[in-house]
Amino acid sequence: GDSLTFYLETYVDTSAALTAHHVSKELLLLLFFAAATLGDVLGICAQLELSDHTLSLQAAGLFLLGASGLGLVLLQPASPTALWVGVSIFGLSNAPSISYCFNLAHRLSRPSATSTAIIMLGLSLGISIVPYLTSLLWKHFDSSLVLMAVGAGSALMPLLLLFVAPSCSYLKTERSFLSLC
């Protein structure tokens, strides 16, 4: 929340092209949080009746879509339209990723304090490491585009877990959650 707000405001401030187009930081943040709220509501509703396989495919799609939203901004950094669309896509698809991760974890393992603690550890590491990494890279490369690159990368991180998680499952399924067969 707070670091994303700061980073988006700074991104708009440091982009001469966006400043010239009078991009409103407040409206951009409002759009992001409205898209994220809508994404959370839609994500919760979508998860109610999904099979394990469909849930993992939807999660993978959301992770990829979130990264592609910020990828759009990376490809067209001077375009206000790319910023509005990319931030909207990222908010809409990235917000439900936490609930999808919890849902997948509880389907792969017996719901317990341990499985929840593992997810919370990942979240805690993410909310401390990602802002630090973003600041460090932003200072090193002196480019606000680092925000979009780190955001896209962090949106893709859970995708890797979809390939590893089934081997850790108490269900010991023979196929990966992402197997199409």
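Residues numbered from 1 in each chain as written. Predicted model: local features only at pLDDT ≥ 70, side-chain atom pairs only at ≥ 80, totals over all residues. Heavy atoms only, no water.

Any chance you could explain the confidence of the model for the protein here in plain terms?
Residues shown with low pLDDT carry predicted positions that ought not to be read at fine detail. Looking at the protein as a whole, its pLDDT mean stands at 82, while 87% of the residues score no less than 70. Taken as a whole, residues 171–177 scores under 50 in pLDDT and shows 16 contacts with residues more than four places along the chain or in a different chain. (pLDDT = per-residue confidence, 0-100. Contact = heavy atoms within 4.5 Å.)

Help me understand the packing of helix α4 (residues 52–75) against helix α5 (residues 80–94), please; the structure alone is not making it clear to me.
Interhelical geometry of α4 versus α5 gives an angle of 160° and a closest axis separation of 7 Å. Judged by the inter-axis angle, α4 sits roughly antiparallel to α5. The way α4 lies across α5 gives a crossing that is left-handed. Of α5, the residues touching α4 (which contributes L62, L65, G66, G69, L70, L72 and V73) are A82, L83, V85, G86, I89, F90 and S93. (Axes fitted to C-alpha atoms, helices over the stretch in contact; angles between N-to-C directions. Helix = DSSP H or I, 4+ residues; strand = E, 2+ residues; numbered from the N terminus. Parallel < 35°, antiparallel > 145°, perpendicular 65-115°, else oblique. Left-handed = near helix turned anticlockwise from the far one by under 90°.)

Looking at this model, I keep getting lost on the pattern of salt bridges. Mind explaining?
Using the criterion set out here, one finds one salt bridge in the structure. Close ionic contact of K25 with D13 constitutes a salt bridge, the shortest N to O distance being 3.1 Å. With K25 in helix α3 (residues 25–47) and D13 in helix α1 (residues 2–14), this residue pair connects regions lying 12 residues apart in the sequence. A relative accessible area of 46% places D13 in the partly exposed class. (Salt bridge = Lys/Arg side-chain N within 4 Å of Asp/Glu carboxyl O. Buried < 20%, exposed > 50% of the residue type's maximum accessible area, 1.4 Å probe, protein only.)

What is the right way to look at the packing of α4 against helix α6 (residues 97–108) in this model?
Think of two packed helices as two axes; the pair is described by the angle between the axes and how far apart they sit. With their axes 10 Å apart at the nearest point, α4 and α6 run at an angle of 150° to one another. Classed by the angle they form, the pair α4 and α6 counts as roughly antiparallel. At the point where α4 passes α6, the crossing takes the left-handed sense. Packed against α4, whose contacting residues are D52, L55, S56, Q58, A59, L62 and F63, the element α6 presents S97, Y100, C101, N103, L104 and R107 at the interface.

I'm lost on the environment of Y100 in this one. Help?
Residue position: Y100 is located in helix α6. In the structure, Y100 is positioned 57 residues away from G43 in sequence and 7.7 Å away in space, judged by C-alpha atoms. In this structure, Y100 is in contact with G43, A46, Q47, L50, L55, Q58, A59 and L62, ignoring residues within four places of it in sequence.

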